[in-house]
Amino acid sequence: MSEKLSVRLWEPRQAFLALTEKIYPAAKEQMMLGRRLIVDLRQETRSDDQNRKLHATFGEVAQQAEWMGKKLAPEQWKVLFVSGHSVATKQGAEMVPGLEGEFVNIRESTAHMSKARLSSLLEYVMAWCAENDVELSH
């Protein structure tokens, strides 16, 4: 078994087969070798397609828009959009003093967003683009 075993579950019968035919045999083998394991059960996170679309959109915004009279890199737009989306969806923003006295927004991780949450972020970004004359190619 590799270091990590991930299995997507989408319906009860498939989940039963995945648990009994993949996860349990792999877990049993490792436990027979005296190893301890952790099994995490969590909601599925963003899809690869969503991630590609999100980052492509940040790139298009970076090419076409300015913030406070300045061009920003896609990664900087990502910080602005994730922060704005968090406030717009009533999640709030947390600003803390940084290591050198600067202020840092401790923002939500897009890698850990559910598909629904990332869809909401994409809608937020696309609405901002529509309101700010940023033309998206997709």
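Residues numbered from 1 in each chain as written. Predicted model: local features only at pLDDT ≥ 70, side-chain atom pairs only at ≥ 80, totals over all residues. Heavy atoms only, no water.

A. Region of the structure containing helix α4 (residues 115–131). For α4, built from 17 residues, the straight-helix expectation of 24 Å at 1.5 Å per residue is met to within 8% by its first-to-last C-alpha distance of 24 Å. For α4, the set of buried residues is Arg117, Leu118, Leu121, Leu122, Val125, Trp128 and Cys129. Down the axis, α4 shows its buried residues gathered within 140° of arc, on one side only. Summarising the geometry of α4, the exposed residues directed more than 90 degrees from the buried face are Ala116, Glu123, Ala130 and Glu131. Buried residues in α4 make contact with α2 (48–64) and α3 (74–88). One or two residues past the end of α4 sits Asp133, with phi positive at roughly 55°. (Helix = DSSP H or I, 4+ residues; strand = E, 2+ residues; numbered from the N terminus. Expected span 1.5 Å × (residues − 1). Buried < 20%, exposed > 50% of the residue type's maximum accessible area, 1.4 Å probe, protein only. Arc of directions from axis to C-beta. Contact = heavy atoms within 4.5 Å.)

B. Just α3, in detail. For α3, built from 15 residues, the straight-helix expectation of 21 Å at 1.5 Å per residue is met to within 8% by its first-to-last C-alpha distance of 20 Å. Taken residue by residue, α3 has Trp77, Lys78, Phe81, Val82, Ser83, Gly84, His85 and Ser86 as its buried positions. Tucked into the core, α3 has its buried residues touching α2, β2 (103–105) and α4. With its phi angle positive at about 65°, Lys90 sits one or two positions after the end of α3.

C. Quick look at the environment of Phe58. Tracing the sequence through the fold places Phe58 in helix α2. In this structure, the C-alpha to C-alpha distance between Phe58 and Lys90, residues 32 residues apart in sequence, is 22 Å.

D. Main features of the packing of aromatic side chains. Taken as a whole and assessed by the stated rule, the structure comprises six aromatic pairs. Ring centres 6.5 Å apart and planes at 85° place the aromatic pair Phe81 and Tyr124 in the edge-to-face group. Here Phe81, found in helix α3, pairs with Tyr124, found in helix α4; they are 43 residues apart in sequence, far enough to count as distant. Of the residues examined, Phe81 reaches a relative accessible area of 3% and is grouped as buried. A relative accessible area of 27% places Tyr124 in the partly exposed class. A ring pair is formed by Phe81 and Trp128, whose centres lie 5.3 Å apart and whose planes are at 80°; its orientation type is edge-to-face. On the criterion of sequence distance, the pair formed by Phe81 in helix α3 and Trp128 in helix α4 is long-range, its members being 47 residues apart. Per residue, the accessibility class of Phe81 equals that of Trp128, and both read buried. An aromatic cluster is defined as three or more aromatic residues linked by ring pairs; in this entry it consists of Phe58, Trp67, Trp77, Phe81, Tyr124 and Trp128. (Phe/Tyr/Trp six-rings, centres within 6.5 Å; stacked < 30°, edge-to-face > 60°.)

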